[in-house]
Amino acid sequence: MSAPAPADRAEKDAAAPAGTSSADPGASGTTEQARTRAALDAAVNALGGSPREGQIEMARRVTRAITSGGHLLVQAGTGTGKSLAYLVPAMVHAVDAGERTVVSTATLALQRQVLTKDAPLAADAVERTTGVRPSVALLKGWQNYLCRHRLAGGYPDDDADTLFSAAAATPRARIGEGAEQSLGEQVVRLRQWAEQTDTGDRDDLVPGVSDRAWAQASVTAAECLGSSCPLHDECFPVLARAAAAEADVVVTNHAMLGIAVAGNPGVLPEHEVLVVDEAHELADRVRSQGTASLSAAAVARVAATARRHAGVLVNELEEAGQTLQLALAELPDGRLADGLPPALADALTLLEAACRQVLTDVREAARAANQGGGQAGAEAGGVALARTAVADMTEVVERMTSDSVAQRRDVAWVERPRMGADPPRLTLAPIDVAGSVADTLLADRAAVLTSATLALGGSFNPMAAALGLTLADADWEGLDVGTPFDYARQGILYTPTHLPRPGTGISAEALEEVVALAEASRGGMLGLFSSRRAADDAAALLRERTDLTVYAQGEDRLPTLVEAFAADEDACLVGTLSLWQGVDVPGRTCRLVVIDRIPFPRPDDPVAQARSEAVTAAGGNGFMTVSATHAALLLAQGAGRLVRRADDRGVVAVLDPRLRTARYGAFLARSMPPLWPTRDRDVVLGALGRLVVDS
């Protein structure tokens, strides 16, 4: 059955100005352009702002892509106002054509910002312009919502946080006093909140609770009892999906798109338009959703779950897990470039057979539980947990025993997490996701993919290829609407070519340069390092040689550190990849960004290796397509931390001479904001000193 239309057509036609009825055959893209511009102006006026040419051009081209069914890759720099530039056209199109748009963001935090701030502003403006208010709904993964039945005792306690449990799938613990309460206190608070909340959305619970507590209040979609649940009519995720099926605009996140690409397109409502914000992260998020791991410990936990909750025999499954452990123990860490060794392949074949038998038995137990008078209590919930755990593991093992590695669709490797403290596990990841994205997300709909960082090396082609646009049926075009910032006047790009070429770790010379720059700037430094060891070394030396306050990643929760850094304009914050994107600290607090080296993928990264080999085999340049493109994206994101508003001033220092001396350096430099470049140390130290005096 198809999804209902996003809005009532008669109501829209009655409310629309004369001559612009969506039922009017004369209504055209030109009319939609005019209505979009009027609504955009209304939204900007409501903010007290003035028109921005980049935003106006982006909205115009987004409207054209939506009405033509084409694909648009649009780079919109910080300060452009890109959220309104895609939300307003999407909402006007919903009013005029009755077609739904799905908007996906990179993170739950950005998703919430769009939902609570940008979308209401756009909807107000569209309503003032058209007379019809477009509806907006939020959609997240099932486990982000509270399960009333689980809280009421409908599921047994999930003592073992297995690889496949709801606890393992939920987001990280929330910051606040809630995480410091006992598990029992947190669950009691969740029960109280369940009687008050209208959404059941974890992000609406303030203060939050720990992952372990949330696992006592949520289930995955597969663990849900569905229509047999006695509280099905009050189910929060079911209600959220019903609202999404009726809304004009549905706001979701890249993880949900990844689930759709992985073979579950039904997680998204039917839609004719897709907008991907922070599109530079989409390919990695899709690949992450397609990555699976397996260990003997995971097999043991799943076997215990099946025995405890479904009452089935699991002896063969446990023995197969032990055989897997022996096979993995014989293998070193690293990529299995030649495919699965015979002993490991045999162990997986044995495990697959055992999984299928247990899954059959668990399904029989589920049928028996369902036939037991229609009871949907803890017994049925426990069987659902067992069925999901075994089914998920069976699916993973079947994929690992397929020919996906031999046919170079997947790459496999062995790793021992936590520096070898955990037992070995086998991991499988897709090598290329572009084809799947094209077939699943881009097919038969208009698509707008936007970010502040999409043109790498001055070209949209690398990102278009990674995102599947070059494989899609519809034509695509790239657009750079620029930025309101004058980067050459606001910032300096410093590349100290006198430093040695980076080797293992960070050199003593580079550390000395960090100290000299931080002292000249008197703090206000964001240090982005390629490894935790380098960040720790820099923090230690800064504390030893200066009187500056230094915050280091790992010493507290990251949001807490960023908040402390933002509150102290003379502090330093150092860390690794978690700080390269998403840190938004405008003003003089962040006047110096230090990047220790070009952030190429690790030489032993299995996915990067496999992707590079695939490109080379196809006649391309594997290094430039994979490693250089990866580095260019991170450099652009890292350098973008400096200028966040029109009055920001400062220096980005990349302590890697290869940015100026290597052949690929120009490609990388063209991917970064166009700051004024120099190699002169004295010029940079003087400029930083003047920033301190002038402030």
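Residues numbered from 1 in each chain as written. Predicted model: local features only at pLDDT ≥ 70, side-chain atom pairs only at ≥ 80, totals over all residues. Heavy atoms only, no water.

Draft legend 1. Up close: the overall build of the protein. Looking only at helices and strands, the protein has 27 helices and 18 strands in total. Scaling as 2.2 N^0.38, a compact globule of 695 residues should have a C-alpha radius of gyration of about 26 Å, and the protein matches this with 27 Å. Judged by the C-alpha coordinates and their principal axes, the protein covers about 80 × 75 × 55 Å. Counting only residues that meet the buried cut, the protein has 53% of its 695 residues in that class. Of the contacts made within the protein by residues no fewer than 6 positions apart, 78% connect residues no fewer than 24 positions apart. For the protein, the accessible area works out to roughly 29000 Å², and carbon and sulfur atoms hold 50% of it. For the protein, the centre of its 65 positive side-chain charges and the centre of its 88 negative side-chain charges are spaced 4 Å apart. (Helix = DSSP H or I, 4+ residues; strand = E, 2+ residues; numbered from the N terminus. Rg over C-alpha atoms; globule rule 2.2 N^0.38 Å. Buried < 20%, exposed > 50% of the residue type's maximum accessible area, 1.4 Å probe, protein only. Contact = heavy atoms within 4.5 Å. Areas by Shrake-Rupley, 256 points an atom, 1.4 Å probe, with all protein chains shown as cover. Lys, Arg positive; Asp, Glu negative; His and termini not counted. Charge placed at Lys NZ, Arg CZ, Asp CG, Glu CD.)

Draft legend 2. The arrangement of the sheet that holds strand β17 (residues 650–654) in detail. Taken in spatial order, the seven strands make up an open sheet running β14-β15-β13-β16-β17-β12-β18, and their pairing is parallel. Edge positions in the open sheet fall to β14 (549–552) and β18 (676–678), since each of these has one partner strand only. Along the sheet, successive strands turn relative to each other by an average axial angle of 15°, direction set aside. Across four bridges, strand β16 (residues 592–595) lies against β17 in parallel orientation. (Pairing = 2+ DSSP bridges. Axes fitted to C-alpha atoms, helices over the stretch in contact; angles between N-to-C directions.)

Draft legend 3. Region of the structure containing the side chain of D96. Within the secondary structure, D96 sits in helix α4 (residues 82–97). You can call D96 buried: its relative accessible area is 12%. Within the local environment of D96, its side chain forms a polar contact with the side chain of R35, the two groups lying 2.8 Å apart. (Polar contact = N/O pair within 3.5 Å; in protein donor to acceptor, adjacent residues only side chain to side chain.)

Draft legend 4. The arrangement of the pairing of strand β10 (residues 446–451) in detail. Across the six residues of β10, six count as buried, placing the element largely inside the fold. With burial as the criterion, each face of β10 is covered, one bearing A446, V448 and T450 and the other bearing A447, L449 and S451. When strand β1 (residues 71–75) meets β10, the two strands line up parallel, connected through five bridges. Bridging across to β10, H71 finds its partner in A447. One ladder, built from five bridges, connects strand β5 (residues 273–277) with β10; its direction is parallel. For L274, the partnering residue across the bridge sits in β10 and is A447.

Draft legend 5. Just the pattern of salt bridges, in detail. Scanning the model with the defined rule gives 41 salt bridges in all. Taking the shortest distance from any N to any O, the salt bridge between E127 and R133 comes out at 3.1 Å. Using a relative accessible area of 34% as the deciding quantity, one classes E127 as partly exposed. Where salt bridges share partners, they join E57, R60, R61, R64 and E477 into one cluster. (Salt bridge = Lys/Arg side-chain N within 4 Å of Asp/Glu carboxyl O.)

Draft legend 6. Summary view of helix α11 (residues 254–261). The buried fraction of α11 amounts to six of the eight residues, a majority that puts the element mostly inside the structure. Of all the positions in α11, only H254, M256, L257, G258, A260 and V261 are classed as buried. By the N-cap criterion, in which a side-chain oxygen at the helix start approaches the backbone nitrogen of a residue two or three places on, α11 is capped by N253, the distance to A255 being 3.1 Å. Following α11 by one or two positions, G263 adopts a phi angle in the positive range, close to 120°.

Draft legend 7. Broad picture of empty space enclosed by the protein. Summed over the entire model, instances satisfying the criterion amount to five cavities of 30 Å³ or more. Its boundaries defined by the atoms lining it, the largest cavity holds a volume of some 120 Å³. Around the largest cavity, the lining is made up of 16 residues, and of these C147, H149, C224, C229 and C235 lie nearest the centre. Tallied by class, the residues present in the lining of the largest cavity amount to twelve nonpolar, three polar and one charged. Size it by volume and the second largest cavity reaches roughly 90 Å³. (1 Å grid on protein atoms, 1.4 Å probe; cavity = no way out; pocket = protein on both sides within 12 Å on 5 of 7 lines; lining within 4 Å. Points joined across faces, edges and corners; volume = space filled by probe spheres on them. Nonpolar A, V, L, I, M, F, W, Y, C, P; charged D, E, K, R; others polar.)

Draft legend 8. Quick peek at unusual backbone geometry. For the bond running from V206 to P207, omega is -5°, close enough to zero to count as cis. Take P207: it is sitting in the loop between α8 (183–194) and α9 (211–215). We note that D444 has phi near 65°; this positive angle belongs to a residue other than glycine. Here D444 lies in the loop between α17 (434–442) and β10. Residue D444 is classed as exposed on the basis of its relative accessible area, which comes to 80%.

Draft legend 9. Here's a closer look at the pairing of strand β6 (residues 292–295). Here β6 shows no split at all, with A292 and L294 on one side and S293 and S295 on the other all buried. As judged from the four bridges shared by β6 and strand β9 (residues 425–430), these two strands associate in the antiparallel manner. In the strand pairing of β9, A292 is matched with L428.

Draft legend 10. Summary view of the confidence of the model for the protein. Across the protein, pLDDT averages 88, with 90% of residues at or above 70. Segment residues 1–27: pLDDT under 50, and 47 contacts once partners within four positions in sequence are set aside and those in other chains are kept. For residues 160–179, every residue scores under 50 in pLDDT, and the model assigns this stretch 61 contacts once sequence neighbours within four places are set aside. (pLDDT = per-residue confidence, 0-100.)

Draft legend 11. Seen up close, the packing of helix α20 (residues 508–521) against helix α21 (residues 532–545). Two elements in contact, α20 and α21, have axes whose closest approach is 10 Å; the angle formed by their N-to-C orientations is 50°. In terms of orientation, α20 lies oblique with respect to α21. Relative to α21, the crossing made by α20 is right-handed. Here α20 contributes L511, E512, V514, V515, A518 and E519 to the contact with α21, which in turn contributes D537, A538, L541, L542 and R545. Here the residues of the contact of α20 with α21 sort into seven nonpolar, no polar and four charged. (Parallel < 35°, antiparallel > 145°, perpendicular 65-115°, else oblique. Left-handed = near helix turned anticlockwise from the far one by under 90°.)

Draft legend 12. Just the sheet that holds strand β11 (residues 476–480), in detail. Strands sit in the order β3-β4-β2-β5-β10-β1-β11 across an open sheet of seven strands; the sheet is parallel. Lying at the two open borders of the sheet, with one neighbouring strand each, are β3 (136–138) and β11. For this sheet, the mean inter-axis angle between neighbouring strands, taken without regard to orientation, is 15°. Together, β1, β5, β10 and β11 form the strand contacts of helix α3 (residues 53–68), whose direction differs from that of β11 by roughly 170°. The strands touched by α11 within the sheet are β2 (101–105), β4 (249–253) and β5, with β4 carrying the most contacts at an inclination of about 90°.

Draft legend 13. Seen up close, helix α24 (residues 622–639). Taking 1.5 Å of rise per residue, 18 residues should cover 26 Å, and α24 covers 25 Å from first to last C-alpha, within 8% of that figure. The largest bend along α24 measures about 35° and falls at A628. Counting buried positions along α24 gives 14 out of 18 residues, so the element sits mostly inside the fold. For α24, the N-terminal capping position is held by N621, with its side-chain oxygen 3.1 Å away from the main-chain nitrogen of F623. (Expected span 1.5 Å × (residues − 1). Bend = angle between axes of the 7 residues up to and from the residue.)

Draft legend 14. Quick peek at the packing of aromatic side chains. Enumeration over the complete set of coordinates arrives at five aromatic pairs. An angle of 50° between the planes, with centres 5.6 Å apart, marks the rings of F600 and F623 as tilted. Of this pair, F600 sits in the loop between β16 and α23 (606–617) while F623 sits in helix α24, placing them 23 residues apart in sequence. Its relative accessible area of 34% is what places F623 among the partly exposed residues. One aromatic cluster in this structure is built from F600, F623 and Y664. (Phe/Tyr/Trp six-rings, centres within 6.5 Å; stacked < 30°, edge-to-face > 60°.)

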